[in-house]
Amino acid sequence: MNALLIFMITTPVIGWLAHKRRYRKIRDLYAISGLSVTAYFLFELYVDVSAKGPLSSCYLPFEACLQIDMFGVFMAIVYVMIGLLAAVYSVRYMERDTGLAEYYTLLLGMIAGMMGVVFAGDFFTLFVFWELMSLTSYALVAFRKKRWAPIEAGFKYLIMSAAGGATILLAMSFLYGMTGTLNFANLGATLGSVVPNEWLYVTLTLVIVGFGVKAAIVPFHTWLPDAHPEAPAPISALLSGALVQTGAYALIRVLLVVFGSVQNAWQMTLMVFAILTMFIGNLMALLQDDIKRLLAFSTIAQMGYILFGFSIASPQGLTGSLFHIMNHAIIKGLLFLCAGAFVHQVGTRDLKKLEGIRRKMPLTSILLAIGAIAIAAIPPLNGFWSEWLIVLAGVEAGMLLFSALMIINVLLSVAYYLRLIYVIVLKEPTPISEKATEAPRSMLIPIVVLAALCIIIGLYPGPFIALAEAAAKAALSL
Amino acid sequence: MIPLSYYLACSIALYTIGMYCLAIKRNMIRLVLGIEILINAAHLNFIAFSAHLNQGYIDPLGSSIVIMSIVFAGCVTAVALTIVTYAYKHYGTLDVRKLRRLKG
C-alpha cells in the first residue's frame, strides 16, 4: 500500500513531465507499473500473513495502526486485480479524454484508499482511508465534466455518500464516548462484556446507515444506478467490483468486532435489508434498457446476496459471501468493461441500438455472454459456486424462508441476463450496430483475462474457496 | 461545568438540522452546508466526550481526530463546490430540483 501511495503522489509529476516531453504513454505505463509493484508486495504480504498469522502494529489503545489479517489480504487481492486490469483498459478507453494524469492519480488514490480500509486496525484509520476512497471516487464519477449527466450523478453520489460519512463519524464519536478508544481489539473487548443499552443500539443504527450508503443497501441505494453508468467504464468496474464491496466489508468487520454482544439484533435487521435489496435490484434491472444501468441494478441485487451471506455470520455464510465478492468483482468487471467496449466503439448504451452487435464485435459479445451466464449462476461458471455456497449456508443456519427468497431472486436475474444475451448475440443487427468494429487489442486483453478467470474459477473452485474460507475464519476470530 | 448531556443534546439537534437541510433545501450550496453541519455535529460530540471521559484532563485522541476530520470536511466541501460550479455551468441554476434528468 505504501508503494501505491508513492506512485499516486508521483503520477501527476510524471504526467507533467510526459506532457512536456510529448510522450504521453509514460504516465499510463507508470500507473500500471505502480499497480504491478503493489501486486508483488501484496503477494509477499499474503505469504507472510498465511504463514505467521495477522500482522499488527497496534500496541497502545489510542494510536492509529494497521492490522493485516487474511480477511484484509483477501479483499486487497480482489482490489489490486480489478484495479490493474481497469488501468490497462483505461489506456485506450480514456485516450479521447483530457486530464489523464489526474485520472490515474485519482485511480491509484481510490485503490490505495480501499486497501487502507481493509488493512485498518482501528476505526479512525479506517475512516481516514474511507474518506480518501470516497473523495477520489466522487471526482472520478464526475470526471467527464463536459457533459451534464456525470455532474448530476456525481453530485447526487457526493451528497449521499458524504452524509453517510458524517453518520459514520457520529457513530465513531459515540463508540469513543462509551469506551475511550477506537482500536478494534479494545473496542471488542470493552463492548463485548457490557449489558446492551440504548446508546449501543443508536450507534448500531448509525453504523448500519453510514456504511449502508456505500454498500447500496436498499433505502440508500439511489446514488448507485446513476453513478455507475455515468462514470467511465473502468471506473464503473472498480466501483461495482471493489468500492461497493468495501462498504460491505467495513460494515461486517465493525459489526462482528464491535457489536458482537448484540448480534441477534443486527443479524435479523441486515437479513431483512439484504432480501429487500435483492428484490429491488433484480426487479428494477428487469425494466432497464440501458446496458450499464441494467448492470448497476444487478450490482445492487448482488450486494443483497453478499449481505445475506454476511448476515448469517457463520463460517460457511462468510465463506460464500467472500467468494462471491471475488466472483462478483471478476464478473462485473468483465461485464462493465465489455459494455465500455460497446460504448467506445459505437457511442451508445441503449440496448435497442446495440441489438445484434455480435456480427461486428464477435469477441466482446461472446465474452459478455460468458459473464452474463456466470453471474446468472448457471453451473459450470464461477457465479454458481458462490451463490450456491450462500444458499447452502442459509439452509444450514435454518433460514429456509430467506434462502428460498434468494433462490427466487437468482431465477429473476437469469431472466434479464438471458434477455441481455438474446439482444446482444442473437438479434438482427440495427443500422448503428452495423457500423461497429472490434475493440482495440489493449482493451480486449483485460476482458479476456477476466473471462478466463471466470472459467478457471468455475472449473477449479477448490483453491479459491479455500482462500475465502481462510479469510472468513480470520474475520470471525478477531 | 456544563453536564455532558447538554452537549449530546446539542450535537443530536445539529445532526437533525443537517439531515433536515439535506432533505428540504433546494439550493445546492445549502446542501453542501448541510453536510458540513452533519460533520460538525460529530465533531462536537468528540470534543465533549474527550473532555468528560476522564475527570481532570482532556483526552488528546478526541481532539486529534477532530483536527484530522476537519481537513476531510474541507476536502469534501472543495470537491462538492467544484461539482456545484460545473452543475451551474451546465444548468444555469443552483436549484437541485432541476437536476432530475437521471431517473435514480
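Here, the structure is the one placed above.
Residues numbered from 1 in each chain as written. Chains lettered and ligands numbered in written order. Predicted model: local features only at pLDDT ≥ 70, side-chain atom pairs only at ≥ 80, totals over all residues. Heavy atoms only, no water.

*Asks:* Whenever I open this one, the overall build of chain B confuses me. Can you help?
*Replies:* Secondary structure assignment for chain B yields three helices and zero strands. Beginning at the N terminus, the succession of helices and strands in chain B can be written as α-α-α. The C-alpha atoms of chain B give a radius of gyration of 17 Å, which is well past the 13 Å a tight globule of 104 residues would have. Principal-axis analysis of the C-alpha atoms places the extent of chain B at approximately 55 × 25 × 20 Å. (Helix = DSSP H or I, 4+ residues; strand = E, 2+ residues; numbered from the N terminus. Rg over C-alpha atoms; globule rule 2.2 N^0.38 Å.)

*Asks:* Got a minute to help me understand empty space enclosed by the protein in this structure?
*Replies:* To find the voids left in a structure, one rolls a probe of water-molecule size over its atoms. Counted by the stated rule, this structure contains three cavities of 30 Å³ or more. Its boundaries defined by the atoms lining it, the largest cavity holds a volume of some 70 Å³. Every residue along the wall of the largest cavity is listed here: A:F127, A:E131, A:A162, A:G165, A:A166, A:L169, B:I39, B:S69, B:F72, B:A73 and B:V76. Taken together, the elements giving at least two residues each to the lining of the largest cavity come down to helix 5 (123-141) and helix 6 (148-179) of chain A together with helix 3 (60-91) of chain B. Looking at side-chain class alone, the lining of the largest cavity contains eight nonpolar, two polar and one charged residues. (1 Å grid on protein atoms, 1.4 Å probe; cavity = no way out; pocket = protein on both sides within 12 Å on 5 of 7 lines; lining within 4 Å. Points joined across faces, edges and corners; volume = space filled by probe spheres on them. Nonpolar A, V, L, I, M, F, W, Y, C, P; charged D, E, K, R; others polar.)

*Asks:* Help me out: how do you make sense of the nonpolar core in this one?
*Replies:* It is characteristic of soluble globular proteins that their nonpolar side chains tend to be buried jointly. All names here are of chain A. Core analysis: the biggest nonpolar cluster contains 220 residues, and F123, F211, F259, W266, F308, L322 and Y417 have the highest contact counts within it. Ranked by residues supplied to this core, first place goes to helix 10 (residues 233-258) with 18 residues. Look past the residues within four positions of F259 in its chain and what remains in contact with it is L175, L200, T203, L204, V207, V254 and W266. (Core = buried A, V, L, I, M, F, W, Y, C linked by side-chain atoms within 4.5 Å. Buried < 20%, exposed > 50% of the residue type's maximum accessible area, 1.4 Å probe, protein only. Contact = heavy atoms within 4.5 Å.)

*Asks:* Just checking my understanding: could you explain helix 1 (residues 4-24) of chain B for this structure?
*Replies:* Helical periodicity: at 3.6 residues per turn, an α-helix aligns residues three or four positions apart in one direction. In this model helix 1 of chain B runs 30 Å from its N-terminal to its C-terminal C-alpha over 21 residues, within 8% of the 30 Å that 1.5 Å per residue would give. Listed in full, the buried residues belonging to helix 1 of chain B are B:L8, B:S11, B:Y15, B:G18, B:C21 and B:L22. One face of helix 1 of chain B carries all of its buried residues, which in axial projection span an arc of 145°. Away from its buried face, by an angle of more than 90 degrees, helix 1 of chain B presents the exposed residues B:Y6 and B:A23. Those residues of helix 1 of chain B hidden inside the fold are in contact with helix 6 and helix 8 (198-215) of chain A together with helix 2 (28-52) of chain B. (Expected span 1.5 Å × (residues − 1). Arc of directions from axis to C-beta.)

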